[in-house]
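Structural description and commentary
Letter by letter, the chains look like this.
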Amino acid sequence: MPVETALYELLGVSAEASEDDIKKAYRKKAREHHPENPDDPTAGQKFQEMAAAYEILSQPDTRDAYDRYGMDGVSGGGGPGKMDAADIFSELFGGGMHFGFDFGPGMRGGRRTKGEDSVIPYDVTLEDLYVGKSVRMNMEKEVVCGVCKGSGAKGSAKAKPCVKCEGKGWTFTTTQVGPSRIGTSRTVCTDCNGQGEKLREKDRCKKCKGQKTVKEKTRQEIFIERGMADRQKIVLAGAGDEEPGIPPGDVVFLLKARHHESFERSGNDLLTTVHITLSEALLGFSRILITHLDGRGVHVSSPSGKIIKPGDSIVLRNEGMPVYKNSDQKGNLYVMLEVDMPDEEWLKSIDRVALEAILPPKKPEMEPKPAVVDEVPFEESDIPDVPFHAGSHFFDHGFGAQFGDGDEGEWEDEDEDDDPLGEPECAHQ
């Protein structure tokens, strides 16, 4: 029989309840006491207490310690395991949450095992991600004060318990949660910043002014490796702000890829659009189609006798993005071919009769002709002017499913792929 049953009673289960029973009871109670429940001003506090109880009872080792030694078994106050609830809850919920249980004297909240990480967004171009880049930058970080060694005090001065929070590190605050309803919650003490103790101004270190840390300028270098992706992280371990008594956190650079005017990326594949002339579409071409992300020209020759239609696409194997950590391999480069029609000025400059003689014949009139025929004026329009909602296939060029697949040949007409199962869905980045 457990020496203490308060946590079981909080969840409304017996001390012999199974793991599934405890999980079901917690879910039910969590819905009843959700923090956003307007009818219960203490719902937030109850919700946190139930979450704490569930985390202890849902894990065999912490449940066993609680059954044998009560709350002392999970607070470091007794038992052979001497598990510290501060570390448990800091890991599960973060150091900023407080629960309605008293885990022992001097307990003012979760103790962190390392300093806070500093997350820094860093803009990169698609060229940077293609060729790689080394970046050096000046930064500023907090370091432990060298004069007071992180105590914040002058000489042998000692901090005194905070008067406002009575050494707890938190105070109660009340908020209006509805008509005639007042909610109560715990907040970090503003006088001592949650420390539970304060130094008198005259006892503070002259260098850090009692803050325990001072700012220091540093120079960092990061390497943007070939093939890295948008929102990928570069971590400088231990380069974050220092705090007394715990290892410093990390500096995390979060890559943010800028929009590129010519290329789109999907995984290791690239997509671009190239415009060709009508004569190139009919008679073929052999020229530099693309200036690549590393400055190279990419020369492509179309097959003899191949007529290119507007919206046709080709794939250039191994001309996509380098594979991250294996940059000798690359994805594919997909090219949409858009045919530019000649303008009216060109039409005026040539012999139309001769042109009509060599072009394929016009389409004949519809047969059989409808009984009623209306003459409607010809009027040019832009696609955005279409007044109805176009269906999902209205603008479909048959290319979306092809971007990101293929495995043969320098020139390949993607419209001739006969294996529909080998075409993954495109997700542009």
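The structure under discussion appears in the preceding block.
Structural notes, computed from the coordinates. Small disclaimer: the values here were computed from a predicted structure and weren't measured. (Residues numbered from 1 in each chain as written. Predicted model: local features only at pLDDT ≥ 70, side-chain atom pairs only at ≥ 80, totals over all residues. Heavy atoms only, no water.)

1. Quick notes on the sheet that holds strand S10 (residues 263–266)
Taken in spatial order, the four strands of this open sheet run S10-S11-S17-S14, and their pairing is mixed. The sheet is open, and its two borders are formed by S10 and strand S14 (313–316), each paired with just one other strand. Between one strand axis and the next, the sheet turns through 30° on average, direction left out of account. Summarising the sheet, S10 and strand S11 (residues 269–277) pair through four bridges and their orientation is antiparallel. Each residue of the ladder has a partner; that of Phe 263, found in S11, is Thr 272. (Pairing = 2+ DSSP bridges. Helix = DSSP H or I, 4+ residues; strand = E, 2+ residues; numbered from the N terminus. Axes fitted to C-alpha atoms, helices over the stretch in contact; angles between N-to-C directions.)

2. Things to note about helix H4 (residues 60–69)
Residues of H4 that are buried: Thr 62, Arg 63, Ala 65, Tyr 66 and Asp 67. Positioned one or two residues after H4, Gly 70 has a phi angle of 70°, which is positive. (Buried < 20%, exposed > 50% of the residue type's maximum accessible area, 1.4 Å probe, protein only.)

3. Let's talk about a nonpolar patch on the surface
Side chains of Leu 282, Leu 283 and Ile 307 sit close together on the surface and give an oily, nonpolar patch of about 320 Å² of accessible area. Here Ile 307 is to be found in the loop between strand S13 (297–301) and S14. With a relative accessible area of 47%, Ile 307 lands in the partly exposed category. (Patch = residues over 30% accessible without salt bridge, like charges linked within 9 Å, V, L, I, M, F, W, Y side chains within 5 Å. Areas by Shrake-Rupley, 256 points an atom, 1.4 Å probe, with all protein chains shown as cover. Salt bridge = Lys/Arg side-chain N within 4 Å of Asp/Glu carboxyl O.)

4. Regarding the packing of aromatic side chains
Tallying each qualifying case throughout the model produces two aromatic pairs. Pairing Tyr 8 with Tyr 66 gives two aromatic rings, centres 6.2 Å apart and planes at 50°, and the pair type is tilted. Taken together, the residues Tyr 8 in helix H1 (residues 6–11) and Tyr 66 in helix H4 connect sequence positions 58 residues apart. In terms of burial, Tyr 8 and Tyr 66 fall into one category: buried. Considering the side-chain rings of Tyr 26 and Tyr 54, the 4.4 Å spacing of their centres and the 10° angle between planes classify their relative orientation as stacked. A residue pair is termed long-range when its members are at least 10 positions apart, and Tyr 26 in helix H2 (residues 19–32) and Tyr 54 in helix H3 (residues 43–57) qualify at 28 residues. If you follow Lys 168 out to its NZ or CZ, it ends over the ring of Trp 170, 5.2 Å from the centre. (Phe/Tyr/Trp six-rings, centres within 6.5 Å; stacked < 30°, edge-to-face > 60°. Lys NZ or Arg CZ within 6 Å of the ring centre and 35° of its normal.)

Purely geometric numbers; function is a separate question.
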